[in-house]
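# Notes for the structure review
So you can see what is in the structure, the chains are spelled out below.
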Amino acid sequence: MSNLKHVAVVGATGAVGVEMLRCLEERGFPVGQLTLLASARSAGKKMKFKGEDVTIKELTPDSFTGVDIALFSAGGGISRDFAPHAVKAGAVVVDNSSYFRMDPKVPLIVPEINAADVKGHQGILANPNCTTAISLMALYPLHQAFGVKRIFASSYQAVSGTGAQAIEELAKQSREWASENRAWDAAKLDSQPHVYPHQIAFNAIPHVDSFLDNGYTKEEMKMENEGRKIMHHPDFRASVTCVRIPVFRAHSIAISAEFEKPVSVAAAREVLAGAPGLDVIDDPANKKYPLALDIAGRDNCAVGRIRLDCALDNGLAFWVVGDQLLKGAALNAVQIAECLL
Ligand code: NAP
Ligand code: 3JN
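## Section: the overall build of the chain
Summing up its helical and strand segments, the chain has nine helices and 13 strands in all. The C-alpha atoms of the chain give a radius of gyration of 20 Å, which matches the 20 Å a tight globule of 341 residues would have. Overall, the C-alpha framework of the chain stretches about 55 × 55 × 40 Å when taken along its three principal axes. Of all 341 residues assigned to the chain, the portion counted as buried reaches 51%. Surface summary for the chain: the accessible area is close to 15400 Å², and the carbon and sulfur share equals 51%. In the chain, the 35 positive side-chain charges and the 38 negative ones have mean positions that sit 1 Å from each other.

Now the structure itself:
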């Protein structure tokens with residue numbers, strides 16, 4: 001590969017794709033040529049990159065001629081159907097979907113944790129699920145110090161995790177409630193939801209992704225499955241409940257972790273303070289802890305509410321927040337691409 005890369009972004013118009021362009025630009029990724037790909041609906045429209053208009057093209061099997069790096073963010077079906085065409089054309093694919101994540105031939109990367117795994121790639125690299133990636137930004141340094149056995153966790157996930165249509169659904173429902181001058185106890189709207197199975201405004205829906213036979217959702221099981229692969233820890237166990245909440249941007253995760261070795265709050269804080277890509281915001285007496293509204297738009301994840309878990313031996317409870325469009329998707333994908341340079 002020469003110094004300047006021909007980069008393609010598949011799903012460029014989506015919530016993640018837009019952030020990918022911003023990350024490429026802000027991080028000074030050496031883009032020599034940029035190809036923006038989306039569905040036929042978007043073909044011919046323009047997006048800005050470094051102040052210049054770039055015309056979006058329809059994704060086809062022939063879209064990847066001359067492309068060095070293809071960032072995919074258009075869902076698993078598109079990755080399944082088109083990533084092999086990109087690889088055949090000579091590109092290295094960084095895929096945001098779950099389609100290749102558990103394939104033993106495909107490295108699954110959080111650069112702060114397992115950048116060294118990149119070198120084993122055979123044309124495709126996978127970006128983890130956002131809730132998993134954000135959780136591991138705090139959990140992995142603790143694992144290195146104390147050896148994690150298992151976690152119990154609940155997530156509080158923003159609607160932008162579902163994509164552009166879900167952002168619009170929350171905005172529309174919020175406007176509907178406000179414009180009708182409804183009372184607080186008349187929050188159930190007359191309009192039908194389209195994206196989620198229930199109204200998301202003023203609600204908490206314990207249902208992210210589809211349900212599996214074991215009663216957990218696919219999103220919930222990603223924490224254990226992807227966590228094992230990224231941390232090289234085949235015995236890691238995770239019991240997770242994922243909840244969608246009416247927040248626009250940034251996922252929060254409450255984690256109780258049980259470790260092999262004794263852990264103290266002071267030792268944990270010292271470990272977390274030295275972890276790359278992670279800020280410690282932990283001063284509850286002064287009402288300081290990570291908040292989705294503050295972390296939205298920031299590259300670093302943040303951890304707070306660090307305390308000994310009162311129901312586990314060698315246990316620590318903490319709260320992690322990260323912008324799932326950035327560290328959970330676009331930023332992590334661009335960081336993986338940087339590992340290829
Ligand atoms: P989104 O806002 O709904 O955007 C979907 C993108 O895919 C759009 O650019 C869309 O293009 C494109 N697309 C849809 N059908 C296509 C087709 N037939 N051919 C080519 N392009 C097509 O979704 P998103 O939130 O950006 O997420 C995209 C994917 O990223 C997810 O499916 C998931 O696998 C992964 N991901 C998302 C997040 C997150 O936090 N959102 C986190 C981790 C991973 P048009 O505009 O032309 O329809
Ligand atoms: O729902 C969220 O907050 C994150 C969504 C992630 C997502 C959405 C659709 C398909 C994924 C993912 O990255 O795990 C997938 C997928 O499985 O590809």
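## Quick notes on the site of ligand 2
Within the structure, ligand 2 sits among 13 residues, and Ser-98, Arg-101, Lys-222, Arg-244 and His-251 are positioned closest to it. A distance of 2.6 Å separates an oxygen atom of ligand 2 from a polar atom in the side chain of Lys-222. A distance of 2.8 Å is found between an oxygen atom of ligand 2 and a side-chain nitrogen or oxygen belonging to His-251. Protein burial of ligand 2: of its 420 Å² of free accessible surface, 74% is covered by the chains.

## Description of the nonpolar core
One finds Phe-64, Ala-70, Phe-72, Leu-139, Ile-151 and Phe-318 to be the most contacted residues of the largest nonpolar core, which totals 55 residues. Element by element, the count of residues in this core is highest for helix H4 (residues 130-146), at nine residues. Beyond its immediate sequence surroundings of up to four residues, Ala-70 is in contact with Ala-8, Phe-64, Ala-86, Ala-91, Val-92, Val-93 and Val-94. Counting residues in hydrophobic clusters, the runner-up holds 35 residues, among them Val-31, Phe-49, Leu-71 and Ile-336.

## Topic: the site of ligand 1
Neighbouring ligand 1 are 26 residues, the closest being Thr-13, Val-16, Ser-39, Arg-41 and Ser-42. The contact in question runs from an oxygen atom of ligand 1 to an N or O atom on the side chain of Arg-41, over 2.8 Å. A distance of 3.0 Å separates an oxygen atom of ligand 1 from a polar backbone atom of Ala-164. In isolation ligand 1 offers 900 Å² of accessible surface; the protein chains occlude 76% of this area. Where the shell around ligand 1 is concerned, the elements lending two or more residues are helix H1 (15-26) and helix H9 (326-339). Considering only residue class, the shell around ligand 1 consists of eleven nonpolar, 14 polar and one charged.

## Regarding helix H2 (residues 76-88)
Between the first and last C-alpha of H2 there are 18 Å, a value that for 13 residues agrees with the 18 Å anticipated at 1.5 Å per step. At Phe-82, H2 is deflected by roughly 40°, the largest bend along its length, and proline Pro-84 occurs up to four residues later in sequence. Within H2, the full set of buried residues consists of Ser-79, Phe-82, Ala-83 and Ala-86. Buried-residue contacts for H2 involve strand S5 (69-72), strand S6 (92-95) and strand S7 (124-126). Gly-90, located one to two residues past H2, shows a positive phi value of around 105°.

## Topic: the packing of H1 against H9
Between two packed helices, the angle of one axis relative to the other and the distance separating the axes together describe the packing. As a packed pair, H1 and H9 sit with axes 9 Å apart at the nearest point and diverge in direction by 45°. Judged on the interaxial angle alone, H9 and H1 are oblique. Here the hand of the crossing between H1 and H9 comes out right-handed. In this structure, H1 contributes Val-16, Glu-19, Met-20, Cys-23 and Leu-24 to the contact, and H9 contributes Leu-326, Ala-329, Ala-330, Leu-331, Ala-333 and Val-334. When the residues that make up the contact of H1 with H9 are grouped by side-chain class, the tally is ten nonpolar, no polar and one charged.

The rules behind these values
Residues numbered from 1 in each chain as written. Chains lettered and ligands numbered in written order. Predicted model: local features only at pLDDT ≥ 70, side-chain atom pairs only at ≥ 80, totals over all residues. Heavy atoms only, no water. Helix = DSSP H or I, 4+ residues; strand = E, 2+ residues; numbered from the N terminus. Rg over C-alpha atoms; globule rule 2.2 N^0.38 Å. Buried < 20%, exposed > 50% of the residue type's maximum accessible area, 1.4 Å probe, protein only. Areas by Shrake-Rupley, 256 points an atom, 1.4 Å probe, with all protein chains shown as cover. Lys, Arg positive; Asp, Glu negative; His and termini not counted. Charge placed at Lys NZ, Arg CZ, Asp CG, Glu CD. Near = heavy atom within 4 Å. Polar contact = N/O pair within 3.5 Å; in protein donor to acceptor, adjacent residues only side chain to side chain. Core = buried A, V, L, I, M, F, W, Y, C linked by side-chain atoms within 4.5 Å. Contact = heavy atoms within 4.5 Å. Nonpolar A, V, L, I, M, F, W, Y, C, P; charged D, E, K, R; others polar. Expected span 1.5 Å × (residues − 1). Bend = angle between axes of the 7 residues up to and from the residue. Axes fitted to C-alpha atoms, helices over the stretch in contact; angles between N-to-C directions. Parallel < 35°, antiparallel > 145°, perpendicular 65-115°, else oblique. Left-handed = near helix turned anticlockwise from the far one by under 90°.

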